[in-house]
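# Examining the three-dimensional arrangement
Take a look at the letters that make up each chain.
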Amino acid sequence: MELGACRVAFEKDGVYLHTSAKRHPDQDSIIPGVIRIIEKGSDTLLQWTPVEETSDAAQITFTKKDMVGCQADEEIFDPGYEPDWAVISTVGTHSRVQEETNASGPKSPVPRGQWAFTLHLSELKSIRKSKPGLGWSYLIFITKDGVSIQALHFHRGGTKALLKALCKYVILATSPKDSRLYLVYTHDSYALSHSFDELQLFDDSSSNLVSRFLQDPYAATFGGFSKVTNFFRGALHHEDGTPQFAPGDPSTGNVEDETGFEMITCQARLGERPSVQRETAVTEQEWEQHLDPDGRVRDPTGLRRRIFAGGLSMPLRKEAWKYLLGYYAWDNSSEENKAQVRRKTDEYFRMKLQWKSVSEEQERRNSLLRGYRSLIERDVSRTDRNNKFYEGSENPGLVLLNDVLMTYCMYNFDLGYVQGMSDLLSPILYITQNEVDAFWCFCGFMELVHRNFEESQESMKRQLAQLTLLLRVLDPPLCDFLDSKESGSLCFCFRWILIWFKREFAFSEILQLWEALWTGLPCPNFHLLVACGILDAERQALMNSGFGFNEILKHINELTMKMSVEDILCRAEAIYRQLAATPDLPRNVQELLGLSEGKSPSPSTDTASSPQPLSPSQAQEMELTDSVSPSQPDSSIEILPTEEASTSQSLSP
């Protein structure tokens, strides 16, 4: 685009400036705008200008504005918004001051034009990106004068495209002290870039190469030479009949688009994926054959394998789920189980009495309990209401659902209630149809997934990174495609992992999926392979349709209730068998799936009788900090206090 003596080299709309650091800013504090890179003679400018959402893009003005709203210290910046993917709402004890602020009278808004800015790239010192996570990506530009410009939020993606465009004019080197901070250097890199281009050993983006070379000359150099090694390796390994292509053949696809040398040199050679068929469900008669005269399970490992392979018949689930979720011990006799029920019944009602006996006057002084009650009542009123067990306004099932969740707040004070837990309890209560049994089975389930609901969200971020690692090994082209569409963070899989696919399959099918996952077979983290199975089933639909970020998100959401759990379980097990048979599987993947001889990320073993809380040492092992790349797509996540407006659609498909 030419404008007079100036040329717009890059332009991206949907870039918003949040003028308020409030967690729930009003509409006037979110200003839409356009960011541009402008070539003006020998100078290059970075410019952001506000636009009216219903009007055309604003005209370009090449005058430097006063940097209203700039900050001197970028570390104190609070994104101040509710991310699209923060589907968890926790109960906070902070007082609400919004009404008081509104009552003090309206404030005169600052004209939007005053937020515009134009920077010479030579004035730029560094760029800070958002934390890896699941919200809108944002960038903070910091000048050499130490001034941090108000963060720009990319609601429609585009941070990678902007940084890539900037690499044509400056060097962006990751700070050795902060992986989220890019240091900006000007350079005249034509000679170096031209030499690399002539050799054709490296990526197309020569400026990015220079940045990588400055950060780690060894890695950048041998990363390029590894492509030569892989070319000859591919030429020598042609006995499988795979056609060999010349380096310049366009039919080779995206082989040369890989940006990091790690995956080029360490790509596992996967064998053929086996075919897997589900077995018939375990019946009551078969279950009885596994019990000795005292009611003990003779072979818990073999029985769990049968449950994984075929599931349970409906009448058997009420009894078998108590074993799978740790309410009953596998080696307990029938009499010991009855004694266990008596003890647990007494314990449950003592905890229930704790919140039942709180008077209204006491509750007015307990904002935490009041918040839990409000959030639970709202979630219960919309959980599985199309199921006959919960339909109708006076349904006793709703009362039991509410009471069990309130009692769990007494059982686990640290975690309390977090949105999404009602989805996990609903099928359990439906199967057991008993308040006490449902509670203790639910506690067993929460021992497996409670970290999903922690406010830090570290577990969710780690699992998404582990899912990315698995997908990178299984299907690098699909990973590259998602990266190119600003979807490489797999944020659309967040709900899958959070509540174990509860919203993705029909109610009857989720019973079958969960009991397979509760067996802990065939490996730790099998739920991640289930997610891989879904993406594998949708691979062609995603890659052959020309979808962008919004279309990918829409397509994934529309899969709800349209998938077959039998097919997905077969795909997931086939993927596991394929990976397990791969001799050169990366060690971090082996550890993730429990295939290595060393430590396993799972707290349970074949002899474990029930889900158990992780010890601190086991929790540290699960971190797998060396299993995933430290650089994840730009995004952030924030756990917010409960508000009606922010949670009403948070778990909607």
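As annotated in an unreviewed UniProt entry, the protein chain is TBC1 domain family member 15 from Eublepharis macularius. Recorded in UniProt under Subcellular location (unreviewed entry), the annotation for the protein chain is "Cytoplasm". Reading the Function (unreviewed entry) entry of the UniProt record for the protein chain gives the comment "Acts as a GTPase activating protein for RAB7A. Does not act on RAB4, RAB5 or RAB6."

## Regarding the overall build of the protein chain
On a plain count of helices and strands, the protein chain comes out with 26 helices and 12 strands. In the protein chain, buried positions account for 52% of the 653 residues. A separation of at least 24 residues holds for 71% of the contacts in the protein chain among residues at least 6 apart in sequence.

## Points about the environment of Leu 478
Considering the arrangement of structural elements, one finds Leu 478 in helix H17 (residues 476-484). On the accessibility criterion, Leu 478 (0% relative accessible area) is buried. For the pair Leu 478 and Met 543, spaced 65 residues apart in sequence, the C-alpha separation works out to 7.3 Å. Discounting residues that sit within four places of it in the chain, Leu 478 has contacts with Leu 471, Leu 535, Arg 539 and Met 543.

## What to know about the pattern of salt bridges
Across all of its chains, the model carries 33 salt bridges by this definition. In this structure, Lys 344 engages Glu 347 in a salt bridge whose closest nitrogen and oxygen atoms are separated by 3.7 Å. Separated by three residues within a single helix, Lys 344 and Glu 347 lie in helix H10 (residues 334-356), roughly one turn from each other. The class of Glu 347 is partly exposed, set by a relative accessible area of 26%.

## Quick word on unusual backbone geometry
Each neighbour pair has its own omega, and for Leu 521 with Pro 522 the value is -5 degrees, a cis peptide bond. As for its placement among the helices and strands, Pro 522 is situated in the loop between helix H19 (507-518) and helix H20 (526-537). A positive phi angle, near 50 degrees, is found at Gln 433, a position not held by glycine. Position of Gln 433 relative to the elements: it lies in the loop between helix H14 (421-432) and helix H15 (435-449). For Glu 486, which is not glycine, the phi torsion reads 60 degrees and is therefore positive.

## Quick notes on the packing of helix H13 (residues 396-411) against H15
Contact geometry of H13 with H15 gives a least axis separation of 10 Å together with a crossing angle of 50 degrees. Considered as vectors, H13 and H15 are oriented oblique to each other. The crossing of H13 and H15 is right-handed. Residue-level inspection shows Leu 400, Asp 403, Val 404, Leu 405, Thr 407, Tyr 408 and Tyr 411 of H13 in contact with H15, the latter providing Glu 435, Phe 439, Trp 440, Phe 442, Cys 443, Met 446 and Glu 447.

## Points about helix H8 (residues 300-310)
Taken across its 11 residues, H8 has nine buried, putting it largely inside the fold. Taken together, the buried positions of H8 are occupied by Thr 301, Gly 302, Leu 303, Arg 304, Arg 306, Ile 307, Phe 308, Ala 309 and Gly 310. Lining the buried residues of H8 we find helix H7 (284-289), helix H9 (314-324), H19, H20 and helix H23 (565-580). Downstream of H8 by a residue or two, Gly 311 has a phi angle that is positive, lying close to 80 degrees.

## Topic: the side chain of Ser 459
Its location among the elements puts Ser 459 in helix H16 (residues 458-474). In this view, Ser 459 contacts Arg 451 and Asn 452; residues no more than four positions away in its chain are not counted.

## Some details on H17
It helps to recall that an α-helix has 3.6 residues per turn; residues three or four apart then point in one direction. By the burial criterion, the buried members of H17 are Pro 476, Leu 478, Cys 479, Asp 480, Phe 481 and Leu 482. Where H17 is buried, its residues contact H16, H20, helix H21 (539-543) and helix H22 (549-557). Count one or two residues on from H17 and you reach Glu 486, which has phi positive near 60 degrees.

## What to know about the nonpolar core
Core analysis: the largest hydrophobic core is formed by 114 residues, its most contacted members being Met 421, Phe 453, Leu 513 and Leu 529. Broken down by element, this core gets its largest block of residues, 10 residues, from H15. Excluding its chain neighbours within four sequence positions, the residues that come into contact with Leu 529 are Leu 470, Cys 523, Ala 572, Ile 575, Tyr 576, Leu 579 and Leu 593. Core analysis: the second largest hydrophobic core is formed by 28 residues, Ile 31, Phe 141, Leu 163 and Val 184 among them.

## Some points on the pairing of strand S11 (residues 178-186)
Across three bridges, the pairing between strand S7 (residues 124-129) and S11 is antiparallel. Looking at S11, one finds that Ile 127 is bridged to Tyr 182. Where strand S10 (residues 170-175) and S11 come together, six bridges link them in antiparallel fashion. The residue of S11 that forms the bridge with Ile 171 is Tyr 185. In sequence, S10 turns back onto S11 through a hairpin of two residues.

## Side note on the packing of H16 against H20
One way to put it is that H16 packs onto H20 with a least axis distance of 10 Å and a crossing angle of 55 degrees. Between H16 and H20, the interaxial angle falls into the category oblique. Classified by chirality, the crossing of H20 by H16 is right-handed. In contact with Gln 463, Gln 466, Leu 467, Leu 470, Leu 471 and Leu 474 of H16, H20 contributes His 527, Leu 528, Leu 529, Ala 531, Cys 532 and Leu 535. Here the residues of the contact of H16 with H20 sort into nine nonpolar, three polar and no charged.

So, how was this worked out
Residues numbered from 1 in each chain as written. Predicted model: local features only at pLDDT ≥ 70, side-chain atom pairs only at ≥ 80, totals over all residues. Heavy atoms only, no water. UniProt positions renumbered as here; feature names shortened; annotations may be inferred. Helix = DSSP H or I, 4+ residues; strand = E, 2+ residues; numbered from the N terminus. Buried < 20%, exposed > 50% of the residue type's maximum accessible area, 1.4 Å probe, protein only. Contact = heavy atoms within 4.5 Å. Salt bridge = Lys/Arg side-chain N within 4 Å of Asp/Glu carboxyl O. Axes fitted to C-alpha atoms, helices over the stretch in contact; angles between N-to-C directions. Parallel < 35°, antiparallel > 145°, perpendicular 65-115°, else oblique. Left-handed = near helix turned anticlockwise from the far one by under 90°. Core = buried A, V, L, I, M, F, W, Y, C linked by side-chain atoms within 4.5 Å. Pairing = 2+ DSSP bridges. Nonpolar A, V, L, I, M, F, W, Y, C, P; charged D, E, K, R; others polar.

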